[in-house]
Amino acid sequence: MSLRHHSERLRVRTPGRATIDITAQVQEVVARAQMSEGQCTVFVHHTSASIIICENADPDVRRDLEAFASRLVPDGDPLFVHTAEGPDDMPAHVRSVLTQVSIAIPVTHGRADLGTWQGLYLWEHRHAAHTRTVTVTVLGE
Amino acid sequence: MSLRHHSERLRVRTPGRATIDITAQVQEVVARAQMSEGQCTVFVHHTSASIIICENADPDVRRDLEAFASRLVPDGDPLFVHTAEGPDDMPAHVRSVLTQVSIAIPVTHGRADLGTWQGLYLWEHRHAAHTRTVTVTVLGE
Amino acid sequence: MSLRHHSERLRVRTPGRATIDITAQVQEVVARAQMSEGQCTVFVHHTSASIIICENADPDVRRDLEAFASRLVPDGDPLFVHTAEGPDDMPAHVRSVLTQVSIAIPVTHGRADLGTWQGLYLWEHRHAAHTRTVTVTVLGE
């Protein structure tokens, strides 16, 4: 059996800096791809947002992750020259580079084969609300 | 020639916080896939472990990497609210997000085409021993 | 239509620590692959350089990113034991692990489908000039 390709573009609305669970939307794309085995890749088309896999049971984990990132890359850091778009602009770019914009997940039995506690999140790094573009690419059979 | 898919699940036993070399195991999966050219992706199904590529010649490199991570994301940091599973629980999640859970490597001449000094490691972030699940997905011809 | 594979190896000369724009070179590989839809993966075969996606409009963003990385992982940090190759050796390995050596990007209409402000960069972490090897793998139809 030879491999096929299926991809879809998602629009994810964010309320400003937050982690937004996109697991169900990605699983729906994988289901529509109608492949049993293969791989799906989730890619965000922006430089101030990330795709992450994070613990999905206790919301405090994502609260703590945000607290850590805010301390590690402080808004308004005087180190930064690129401040035209505001004190959260350059930190958003740094947070994006320190995490990922693209994650590949195996597809098994027709589903993105995430571990029990793994959720897929779009992490919005800007304080303002945005609509973010995400592409899900499935390669499989 | 059309592409094929091959995947295998590995179980990796960890002694607690450490980097475990999985290069040979991944190369064995690629060899069993019997493809000359393509790509293999290594994915860990957990939120408190990572897949990393690191220098493979001097063990001090991984000792220093661990020292750096322990200083950057200290166990028992009072910043963290999610502490139910112990002082290393939330740091493990942060370390996982700051590194990767999934890495794609080209396959050339039937092997994962790592650079001379590149080793593939599973990085256990918890202090207790675990058995971690890893999937290796090979797409190629 | 069944999927095909195309890959090319690039040599990227670096002037020492810097971010080098490789977007055009990667797009040329994708164009030569002559596929309309699929995915391309950019992989660097070294442990002291990274592949990143970063804002491509204002050079200050990459200047600030470098300033942040230099502060986060200081050269000559007394924490590090692995110093044989100089004060920037171990920081280079840490910077590589904290970012990525491999990024997968969707291919749409025959191009790597980067967002408007997304550029692909090889980030050289050593102070000396190097020639770095990068493989671009395209899977698609």
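Above this text you will find the structure in question.
On a predicted model such as this, the values are computed, not experimentally measured, just so you know.

(A) Examining the sheet that holds strand 2 (residues 18-21) of chain C more closely. Residues and elements named next belong to chain C. The strand order 2-7-4 describes an open sheet built from 3 strands, whose pairing is antiparallel. Two strands close off the open sheet at either side, each with one partner strand: strand 2 and strand 4 (49-55). Neighbouring strand axes in the sheet, compared pairwise and without regard to direction, differ in orientation by 35 degrees on average.

(B) Quick look at the relation of the copies chain B and chain C. Superposition of chain B onto chain C requires a rotation of 120 degrees combined with a translation of 0.0 Å along the rotation axis, giving an RMSD of 0.0 Å. Here the two chains are linked by the operation of a three-fold rotation axis.

(C) Molecular detail of the interface of chain B and chain A. Taken together, the contacts link 31 residues of chain B with 35 residues of chain A. Taking both sides of the interface into account, the surface hidden between chain B and chain A amounts to around 2,700 Å²; carbon and sulfur atoms contribute 65%. It is B:H5, B:L79 and B:V97 that lose the most area in chain B upon contact with chain A, and together they represent 22% of the buried surface on that side. Across the chain B-chain A interface, the total number found is 2 salt bridges. Residue B:R9 pairs with A:D113 through a salt bridge whose shortest N-O separation is 2.4 Å. Across the chain B-chain A interface, the total number found is 13 residue pairs in polar contact (both at pLDDT 80 or more). For the side of chain B that touches chain A, the secondary structure elements donating two or more residues are strand 1 (4-14), strand 3 (38-44), helix 3 (89-98) and strand 8 (130-140) of chain B. Partitioning the side of chain B that touches chain A into residue classes produces 14 nonpolar, 14 polar and 3 charged.

What counts, and at which threshold
- Residues numbered from 1 in each chain as written.
- Chains lettered and ligands numbered in written order.
- Predicted model: local features only at pLDDT ≥ 70, side-chain atom pairs only at ≥ 80, totals over all residues.
- Heavy atoms only, no water.
- Pairing = 2+ DSSP bridges.
- Helix = DSSP H or I, 4+ residues; strand = E, 2+ residues; numbered from the N terminus.
- Axes fitted to C-alpha atoms, helices over the stretch in contact; angles between N-to-C directions.
- Least-squares fit on C-alpha atoms with pLDDT ≥ 70 in both.
- Contact = heavy atoms within 4.5 Å.
- Buried area = accessible area lost by both parts, 1.4 Å probe.
- Salt bridge = Lys/Arg side-chain N within 4 Å of Asp/Glu carboxyl O.
- Polar contact = N/O pair within 3.5 Å; in protein donor to acceptor, adjacent residues only side chain to side chain.
- Nonpolar A, V, L, I, M, F, W, Y, C, P; charged D, E, K, R; others polar.

Any functional reading would require information that these geometric values do not contain.
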